[in-house]
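The residues making up each chain are set out below.
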Amino acid sequence: PQGLIGRMEYRSDLFDAATVERMMGQLRVLIEAALDAPESRVFDLPLMTAEERRRVLVEWNDTARDFPRELPVHAFFSMQAGETPSAVAVTSGEQRLTYAEVEARANQLARHLGSLGVRPGGRVGLCVERSPDLIVGMLGILKAGA
């Protein structure tokens, strides 16, 4: 009659109290949703309140920024590389490349593609794993005009 009562034990060296409270809140939302819709699959049930969901999807996702729309992305990247050459531009696992490193590699690839006959308007296929090489490849192809 008093409702569901629960307690969570956790290792304080792994989790702080705020994280555990958030996890308990998510469990509460999940249980309440399951009680409201017992025919639903657990996969389809929410873990966040409407307010939390709005915060994550709307507030935290408000990342729109003005940038020069007349510039192609590779030119915009070059501008950024000129302004912050030592800043990290790409991270993948332990690998980190600065704007200057990505810019240098992309320029080298663009020159190589040009030496192979790639011309503006041409097409170049790119088949690489998700990695810094993917970014370098895309920028190099764009810089070659393809």
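Residues numbered from 1 in each chain as written. Predicted model: local features only at pLDDT ≥ 70, side-chain atom pairs only at ≥ 80, totals over all residues. Heavy atoms only, no water.

K.L.:
How should I be thinking about the pairing of strand β1 (residues 88-92) in this particular structure?
P.N.:
The two faces of a sheet get side chains in turn, since along a regular strand they alternate between them. Sheet topology note: the β1/strand β2 (residues 95-98) ladder contains 4 bridges and is antiparallel. Within β2, the residue paired with V88 across the bridge is T98. (Pairing = 2+ DSSP bridges. Helix = DSSP H or I, 4+ residues; strand = E, 2+ residues; numbered from the N terminus.)

K.L.:
Help me understand the environment of F43, please; the structure alone is not making it clear to me.
P.N.:
By the element assignment, F43 lies in the loop between α1 (17-36) and α2 (50-59). Among the residues examined, F43 registers a relative accessible area of 72% and is labelled exposed. C-alpha separation for the pair F43 and R65, spaced 22 residues apart in sequence, amounts to 34 Å. (Buried < 20%, exposed > 50% of the residue type's maximum accessible area, 1.4 Å probe, protein only.)

K.L.:
How do you make sense of the packing of helix α3 (residues 73-83) against helix α4 (residues 99-115) when you look at a structure like this?
P.N.:
Geometry of a packed helix pair, given as the angle between the helix axes and the separation of the axes. Where α3 meets α4, the closest approach of the two axes is 8 Å, and the angle between their N-to-C directions is 135°. In terms of orientation, α3 and α4 fall into the oblique class. Where α3 crosses over α4, the handedness of that crossing is left-handed. Across from F77, S78, Q80 and A81 in α3, the residues of α4 making contact are Y99, V102 and E103. Of the residues assigned to the contact of α3 with α4, the class counts are 4 nonpolar, 2 polar and 1 charged. (Axes fitted to C-alpha atoms, helices over the stretch in contact; angles between N-to-C directions. Parallel < 35°, antiparallel > 145°, perpendicular 65-115°, else oblique. Left-handed = near helix turned anticlockwise from the far one by under 90°. Contact = heavy atoms within 4.5 Å. Nonpolar A, V, L, I, M, F, W, Y, C, P; charged D, E, K, R; others polar.)

K.L.:
How do you make sense of the pattern of salt bridges when you look at a structure like this?
P.N.:
Taken as a whole and judged by the stated rule, the model has 7 salt bridges. Close ionic contact of E9 with R7 constitutes a salt bridge, the shortest N to O distance being 2.4 Å. Of the two residues, E9 and R7, neither departs from the other in class, the shared state being exposed. For R41, the salt bridge identified is with D44, shortest N-O distance 3.1 Å. (Salt bridge = Lys/Arg side-chain N within 4 Å of Asp/Glu carboxyl O.)

K.L.:
Sorry if this is basic, but what is going on with the nonpolar core here?
P.N.:
Within soluble globular proteins, side chains that are nonpolar tend to cluster in buried spots. Grouped together as the largest cluster of nonpolar side chains are 9 residues: F77, A81, V90, L97, Y99, V102, A106, V136 and L139. Every element with two or more residues in this core is listed here: α3, α4 and α5 (132-143). Of the residues forming this core, the biggest block, 3 residues, is contributed by α4. Judged by nonpolar contacts, the second largest core, of 5 residues, contains A110, V118, I141 and A144. (Core = buried A, V, L, I, M, F, W, Y, C linked by side-chain atoms within 4.5 Å.)

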